[in-house]
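Close look at the chain arrangement
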Amino acid sequence: MVKNHLDKNGSFTGSPKPPHPTTSTDPHSRKSSQEELDHSLNQHHEDVKKLSDDIDRFIDELSTCQDKSNPPEVPEIIETFSKIIESKISKHNTCENSSTRLCKMTEEDNFFVEAVLRLSKLTNSLSEFPSGSTTTRSLNRTSMVLQRAMTLMEEEFRALLEDSSSSHVKVYKNSSFNSNRLLVDGELCSLTLSESSGEEEYPSFPPDTVTRMNRIASTMIMAGNETECCQVYSITRRNACVEQMNKLEFEKINMEDVQRMQWDSLEGEITRWIRAVKSCSTTLFPGEKRLGDSVFSESPMNSQSLFSNLARAIVIQLLDFAEAVTMTKRSGEKLFKYLDMYEALRDLIPSIKNSCSNECENELNSEIQATIDRLGESAVSIFSDLENSIKNDVARIPVPGGAVHPLTRYVMNYLKYACEYKITLEHIFQQHVKFEESNANSPAKLKPTLEVEAENDSPHCNSETTPFSIQLVTIMDLLDTNLEAKSNLYRDPALRDIFLMNNGRYILQKVKGSAEIHQVMGDTWCRRRSTIVRHYHKNYQRETFGKVLQILTHDGMQVNGKVAKTTVKERFKNFNAIFDEIHRSQSTWVVSDEQLQSELRVSISALVIPAYRSFFGRFRQYLDNAKQAEKYIKYQPEDIEILIDHFFDGNSTSMARRKT
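In short, a report on the structure. A quick note: this is a predicted structure, and the numbers were derived from the prediction, not measured.

A few words on the overall build of the chain. Within the chain one finds 21 helices and six strands. Split into buried and exposed, the 660 residues of the chain put 46% on the buried side. Contacts in the chain between residues at least 24 apart in sequence constitute 75% of all its contacts with a sequence separation of at least 6. Accessible area of the chain: about 34,700 Å², with a carbon and sulfur share of 48%.

What follows is about the nonpolar core. Ranked by size, the top nonpolar core spans 125 residues in total, and within it Trp273, Phe285, Phe321, Leu345, Leu415 and Tyr540 carry the most contacts. Excluding residues within four positions of it along the chain, Tyr540 makes contact with Ala494, Asp497, Ile498, Met501, Phe545, Gln586, Trp589, Leu600, Ile604, Phe647 and Phe648.

The end-to-end C-alpha distance of helix H10 (residues 335-352) is 27 Å, a good match for the 26 Å that 18 residues give at a rise of 1.5 Å each. With 13 of 18 residues buried, H10 lies mostly within the body of the structure. Positive backbone phi, at 60°, marks Asn354, one or two positions downstream of H10.

This model, assessed by the stated rule, comprises zero disulfides. The structure places no disulfide on Cys280, whose sulfur is separated from the nearest cysteine sulfur, that of Cys241, by 7.6 Å. Overall, Cys280 belongs to the buried group, its relative accessible area being 0%.

The next subject is the pattern of salt bridges. A pair can form between side chains of opposite charge whenever their charged atoms are brought close. Applying the stated criterion across every chain, the model contains 20 salt bridges. In this structure, the salt-bridge partner of Arg312 is Glu363, at a minimum N-O distance of 3.3 Å. Remark: Glu363 occurs in helix H11 (residues 358-392) and Arg312 occurs in helix H9 (residues 300-326); sequence separation between them is 51 residues. Exposure remark for Glu363: the relative accessible area of 31% places this residue in the partly exposed category. With a shortest N-O distance of 2.7 Å, Lys634 and Asp580 are connected by a salt bridge. Here Lys634 is found in the loop between helix H20 (626-632) and helix H21 (637-644), whereas its partner Asp580 is found in helix H18 (residues 565-586), with 54 residues between them in sequence. Judged by its relative accessible area of 48%, Lys634 is partly exposed. Using a relative accessible area of 24% as the deciding quantity, one classes Asp580 as partly exposed.

To continue, consider the packing of aromatic side chains. Summed over all chains, the structure comprises 25 aromatic pairs. Seen from their ring centres, Phe429 and Phe468 are 5.7 Å apart, and the 40° between their planes marks the pair as tilted. Note that Phe429 is positioned in helix H13 (residues 422-438) and Phe468 in helix H15 (residues 467-487), a separation of 39 residues in sequence. In this structure Phe468 comes out as buried when scored by relative accessible area, which is 0%. Ring geometry for Phe647 and Phe648: centres 5.9 Å apart, planes at 85°, overall edge-to-face. Phe648 gets classed as buried once you look at its relative accessible area, which sits at 0%. Through pairs of rings, three or more aromatic residues link up here, namely Tyr540, Phe545, Phe575, Phe579, Tyr612, Phe616, Tyr635, Phe647 and Phe648.

What counts, and at which threshold
- Residues numbered from 1 in each chain as written.
- Predicted model: local features only at pLDDT ≥ 70, side-chain atom pairs only at ≥ 80, totals over all residues.
- Heavy atoms only, no water.
- Helix = DSSP H or I, 4+ residues; strand = E, 2+ residues; numbered from the N terminus.
- Buried < 20%, exposed > 50% of the residue type's maximum accessible area, 1.4 Å probe, protein only.
- Contact = heavy atoms within 4.5 Å.
- Areas by Shrake-Rupley, 256 points an atom, 1.4 Å probe, with all protein chains shown as cover.
- Core = buried A, V, L, I, M, F, W, Y, C linked by side-chain atoms within 4.5 Å.
- Expected span 1.5 Å × (residues − 1).
- Disulfide = S-S within 2.5 Å.
- Salt bridge = Lys/Arg side-chain N within 4 Å of Asp/Glu carboxyl O.
- Phe/Tyr/Trp six-rings, centres within 6.5 Å; stacked < 30°, edge-to-face > 60°.

This is the structure in C-alpha cells:
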C-alpha cells in the first residue's frame, strides 16, 4: 500500500489521483479508466477512514489516561487532521458559488461535519490536561481550528434562516403530490397549504433546508456552541416574525396613542390586531413550533425555550395593545370589536399549550386570561350602559305617523348582532356572575334576577335561563316600558295603537328573524308578543271605526214604521265627514311592514265595506232625486275600497317608507 502524506494545503499525496477522462472510443479503454477512477476514490475513502479511526483511538487514550500530569505523546495526525478541516474552511470561504456551500451536505461535507465533532471531542480531551504540558500546543491548535469551524457553521446557519431565495417553497393545491405536507426525517416540518387559498404558508422551508439546519444546529450544540447557535436562531426567527406582522399591517402602538385615537381609526387598528392574533393562532405559532422542533430535534429543551421566548415577546406586544383598548372610553359601538378581540385571544391560548416551558405557558396563559377578563368586563359594562341609554331616552316629540321608533330599530339591531356572539356572551355573563358572587364586598348583580325568574317561571324566555338571557329579557322589558311611555305622546288613541303595533311587530319580526335571539326569548315569548300586537290591532279598529259602524247601522232609521229621509241624509253626511277625516289623517300614518299593512287594510275593508254596501243599497232610494243623491252620497262602495288601499302609505313628501 502506498504511504500517504499531506501537502501544505492539507491534501493527500502519494495515493493514485483520478485520471482525466479520455475521448477514446475503445470500450476496453473506457472500462479501464473507470476502474482506475473507482480504485482512486476507494483508496481516498480508506485513507480518510483510517485517519478518523486513528484520531478516535487517540481520544480514547486521552480519556483513559489516569495521570493527567503525564499526558501521552501527541501524534502528527493531529496536525494533519487540523489541516484537513482548515482546508475545508478555506475552500468554503473562497467559494462564491452557493451550490458548493457546506449547507449542501455532500458526502465530502458529511465528513467535515463528522470531523468537526471529532475535533470538538479531541479539544475537550486535551483541555483536561494542565497548561504547560505537551498537549498545550495541540490544544491551542485544535481550539483555533474548532472556532473557525464554528464561525463557518454559524454563518451558514444564519444564511439558511435568512436566505429568502432558498428558504421558501410554494405548495399549491391540486398539485400532483398526494399530500401538501413536506417530510423531514419522517416528520412534518413545512406548513401545509391554506384551505382558503393557493398561497404558500409560513414558514415554508423546503425539507432539505430544514435537514441542513438540523445538522448544523446539532453539530454546533454538540461542539459546545449551543449559546451561539440558539442566539442566531432566536434573532433570525424573531426578525421573520416581525416581518410577518408587518405584512399583516400590525405595528406596535403605545398606550397613549391608542387612547387619543378617534374610534374610526382605532377600529381599523383593532381589525389589523385581530388579523395578527388569528395569524399567530393558526399560522405563525404552529409554524414556528414545527420549525423549531425539526431544527432542534435532538435538543427539545432548546426548541421549547426558543419558542417560549419568541411567543412571549409577540404575545406581550399583542396584549399591550388590547390593554390599551380596554382603557379607552366605552361606548355601544365598541361592543362587537371587543367581542372579536375576546374570541381572538381565547383562541390564542391553545396555540401555546404544550409548546412553551411550563413556567412560560403559565405566565402567558395568566396574562392572556387577565386581558380576556378585562374585555369581558367591558362587554358587561357596555350592556349596562345600553340599559341606561334606554331608560334615559326620553322624547317630547312623537315619531311622525306612528312609525317604528329609531330607538326600537337601534336596540333590536344591536341585540341581533350581539346574539351572533351568543356563546361568547353566555360565557362572559356567567363568569361575571361568578365574580360578583365571589366578591364579598359587592353583592351579585344578576343573582337576584336569576332567582326571581326561576321561581316565577317567567314566560319571557326558555327553560334554560342564563345570566345572558336574563340580561336580554331585561333590555326587552325596558324597551317595552320606554315605548309605552312614548306612545302617550300621541293625542289620537288610534295613532297610539298604530305606534305600539308598528314597534311591537318590528320587535317580533326581528326576534323571529334571528335564530339566536329566538332561542333566548323562546316560543312562549313570541306567542305572547303576537297576542299583544293583535290586541293593539283590535284597539285601533274599535277607536277608528266604532263611530263609522254606528252611523252605518240600520237601527234608528225609521219613524212610525217609515224610513225618515232626514235621518238618511244626516247619516250619509256624517259618514262622508268621518271617513274623509280618517282618510286624510291615516293616509299619512306609516306602517312599514308590508304584511302588517296588508293585514290592516284587509281587516278595515272587511269591517267597513260590507256595512257601507248594505247601508248604501238599503237607503239610497230614499233620496228624492239624482241631484239630492249627488249631494249626500259622496262615495260608491268601490271608492271606499280604493281609498282604504291608501291608508298607512305615509306622507310622500316628508317621509319615505323605511325598510330594514
